[in-house]
Amino acid sequence: MNLEDYKGIYVFIEQREGFVQNVALELLGQARRLADELNDKVYAMLLGHNIAAKAQGLIAAGADEVLVVDAPELADYTTEPYTQAICKIINDRKPDSVLIGATTLGRDLGPRVSARVKTGLTADCTKIEVGANRELLMTRPAFGGNLMATIVCKNHRPQMGTVRPGVLFAIDADTSREGIITDYKVEFDSSKIKVKLVKTVKEETDLIDITEARILVSGGRGIGNQEGFDAMDSLATTLDAEVSASRAMVDAGYIGHERQVGQTGKTVRPDLYFAFGISGAIQHVAGMEDSDLIIAVNKDKDAPIFQVSDLGIVGDAKQIIKKLNERLNK
Ligand SMILES: Cc1cc2nc3c(=O)[nH]c(=O)nc-3n(C[C@H](O)[C@H](O)[C@H](O)COP(=O)(O)OP(=O)(O)OC[C@H]3O[C@@H](n4cnc5c(N)ncnc54)[C@H](O)[C@@H]3O)c2cc1C
């Protein structure tokens, strides 16, 4: 087959306990934009058990066809049956490209599938565009984030990439969109399924993933110490917000890495992002510049964070956090 005979952008729809994850909708949105540019189609691969009811929503989110693989083997995610199902779709349908979310699950599934169908995988992409020869240009941080590398899968199909949650945009759901829902049958080779899910133990936490938060109260070195962090926590409670931080504060041990915003942390896009005592290094800004409203507080009027903020306050972050909290509580 020639490379141009491969057709369609296929998106793996990550669902957990039947809930379609945001990253899948973001990938569908980008796949829609790429397909419109390439005059191609978008296919959603929805795997799970008793999940068919979710298919219509994927058409509204940009898919032309939803392939529903409904099987008890797919009730909970394990690598082998999911890999078998995706590989069967790839071998039958010969897609031009396959996109998967760079989540814990996607980072497990993507490489296994790409090795089995003998193609490359660009992991952890932050951007996907169409190149001059209609190939996908997949960009990701390289050398620890010091360089951005754009990678092309020249000689093999499908072109595969995992994409970070929060970097692409979903399209507005349009329930009038029409598409096909296909019940896709897969015969599983059970002799290869060596891993069985015995028990799921969920980490108990009240914290919301920072990529899902509507308001983020983020602190940097200018916050200084635990007292500063406690003040931020209290402001976050008042605002019903989540706390996040720059890498400086993660490295200093004040907060976990899962709360780090930036190139080597998470990409966030809340309605409101407070940057308290954060200088605005390029690696931090890369993770938050698309927030709807950015309010920065820094004692240095020339801090680069003011270049990306909508509202800038020059002053002592700790005092301003306290005053703001008092006022809001009143
Ligand atoms: C490969 C690579 C990847 C990286 N990835 C990330 C990443 O994902 N996320 C990230 O955040 N960083 C990342 N970094 C680090 C980044 O370059 C910066 O070093 C880091 O963001 C700085 O954190 P900061 O702004 O908290 O601290 P600083 O740069 O030290 O800034 C502190 C700021 O606080 C202000 N300040 C001090 N006291 C007060 C006060 N009392 N009130 C108000 N303001 C005050 C100062 O004026 C200053 O602007 C990465 C670096 C590299 C090389």
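Residues numbered from 1 in each chain as written. Predicted model: local features only at pLDDT ≥ 70, side-chain atom pairs only at ≥ 80, totals over all residues. Heavy atoms only, no water.

### Details of the overall build of the protein
To keep things clear, this is the line we draw: Secondary structure elements are defined from DSSP: runs of H or I of at least 4 residues count as helices, runs of E of at least 2 residues count as strands, and each element is numbered from the N terminus. The cut-offs for exposure are 20% and 50% of the maximum accessible area for each residue type, with area from a 1.4 Å probe on protein chains only; residues under the lower value are buried, those over the upper are exposed, and the others partly exposed. The contact definition used throughout considers only heavy atoms, calling two residues in contact when any of these lie within 4.5 Å.
Looking only at helices and strands, the protein has 8 helices and 17 strands in total. Dimensions of the protein along its principal axes, counting C-alpha atoms only, are 65 × 45 × 40 Å. Looking at the protein residue by residue over its 330 residues, the buried ones come to 50%. A separation of at least 24 residues holds for 62% of the contacts in the protein among residues at least 6 apart in sequence.

### Some details on the packing of aromatic side chains
Note the following rule: Paired rings are identified among Phe, Tyr and Trp, the last through its six-membered ring, by centres lying within 6.5 Å, and are further divided according to the angle between planes into stacked (under 30 degrees), edge-to-face (over 60) and tilted (the rest).
Throughout the structure, instances matching the rule amount to 5 aromatic pairs. Plain terms: the ring middles of Tyr10 and Tyr43 are 4.4 Å apart, the flat faces sit at 15° to each other, and that makes the pair stacked. Of the two residues, Tyr10 is situated in strand S1 (residues 9–13) and Tyr43 in strand S4 (residues 42–48); the sequence distance between them amounts to 33 residues. Residue classification places Tyr43 among the buried positions, given a relative accessible area of 13%. Relative to Tyr82, the ring of Phe12 lies with its centre 6.2 Å away and its plane at 80°, an arrangement referred to as edge-to-face. Here the residue Phe12 occupies a position in strand S1, and Tyr82 occupies one in helix H3 (residues 79–93), the gap between them amounting to 70 residues.

### What to know about the sheet that holds strand S17 (residues 311–314)
Note the cut-off: When DSSP finds at least two bridges between two strands, those strands are taken to pair. For every element, the axis is a line fit to its C-alpha atoms; helices are fit only across the contacting stretch, and the angle between N-to-C directions ranges from 0 to 180 degrees.
In spatial order, the strands read S14-S13-S15-S16-S17; together these 5 strands make up an open sheet with parallel pairing. Of all strands in the sheet, those with a lone pairing partner are strand S14 (242–245) and S17, marking the two edges. Here the strands of the sheet are splayed against their neighbours by 20° on average, with no regard to which way each runs. Bridge analysis of strand S13 (residues 215–219) against S14 gives 4 bridges, and the strand direction is parallel. For Val217, the partnering residue across the bridge sits in S14 and is Val243. Across the face of the sheet, helix H8 (residues 317–329) comes into contact with strand S15 (272–276), strand S16 (293–298) and S17 while running at roughly 140° to S15.

### Description of the sheet that holds strand S8 (residues 127–130)
Each strand in a sheet pairs with its neighbour through backbone hydrogen bonds, running either in the same direction (parallel) or in the opposite one (antiparallel). Read across the sheet, 3 strands follow the order S8-S9-S10 without closing on themselves; strand pairing throughout is antiparallel. In this open sheet, the two strands that pair with only one neighbour each are S8 and strand S10 (147–151). Direction aside, neighbouring strands of the sheet carry axes that sit 25° apart on average. Bridge analysis of S8 against strand S9 (residues 136–142) gives 4 bridges, and the strand direction is antiparallel. When the sheet's bridge partners are listed, Glu129 is paired in S9 with Leu137. Contacts from helix H1 (residues 22–38) reach S8 and S9 within the one sheet, and its direction differs from that of S8 by about 15°.

### Some words on the domain arrangement of the protein
As a measure of interface size, the accessible area lost when the parts come together is often cited. Put simply, the rule reads: Domain segmentation is taken from an automatic or database assignment of domains. Accessible area that two parts lose when put together, evaluated with a 1.4 Å probe and summed over both, is termed the buried area. Any Lys or Arg side-chain nitrogen located within 4 Å of an Asp or Glu carboxyl oxygen qualifies as a salt bridge.
Examined at the domain level, the protein breaks down into domain 1 (3–192) and domain 2 (215–329). If you average the C-alpha positions of domain 1 and of domain 2, the two centres end up 34 Å apart. Counting from both sides, the interface comprises 10 residues of domain 1 and, opposite them, 7 residues of domain 2. For the pair domain 1 and domain 2, the summed buried area comes to about 660 Å², and 36% of that belongs to carbon and sulfur atoms. If you sort the residues of domain 1 by the area they bury against domain 2, Arg164, Gly166 and Phe169 come out on top, with a joint share of 57%. Inspection of the region where domain 1 meets domain 2 yields 0 salt bridges.

### Some points on the environment of Leu34
Along the chain, Leu34 turns up in helix H1. Relative accessible area serves as the criterion here: at 2%, Leu34 is assigned to the buried category. With 25 residues separating them along the chain, Leu34 and Ile9 place their C-alpha atoms 8.3 Å apart. Ignoring sequence-local partners within four residues, the contact set of Leu34 consists of Ile9, Ile128, Glu129, Val130 and Leu136.

### Notes on the environment of Ser191
Stated formally: Counted as a polar contact is a pair of N or O atoms within 3.5 Å, where, for protein atoms, one must be capable of donating a hydrogen and the other of accepting one, and residues adjacent in sequence contribute only when both atoms are in side chains.
Here Ser191 is to be found in the loop between strand S12 (180–183) and S13. C-alpha of Ser191 to C-alpha of Ala55: the two residues are 136 residues apart in sequence and 30 Å apart in space. Polar contacts involving the side chain of Ser191 include one to the side chain of Asp189, which spans 2.6 Å.

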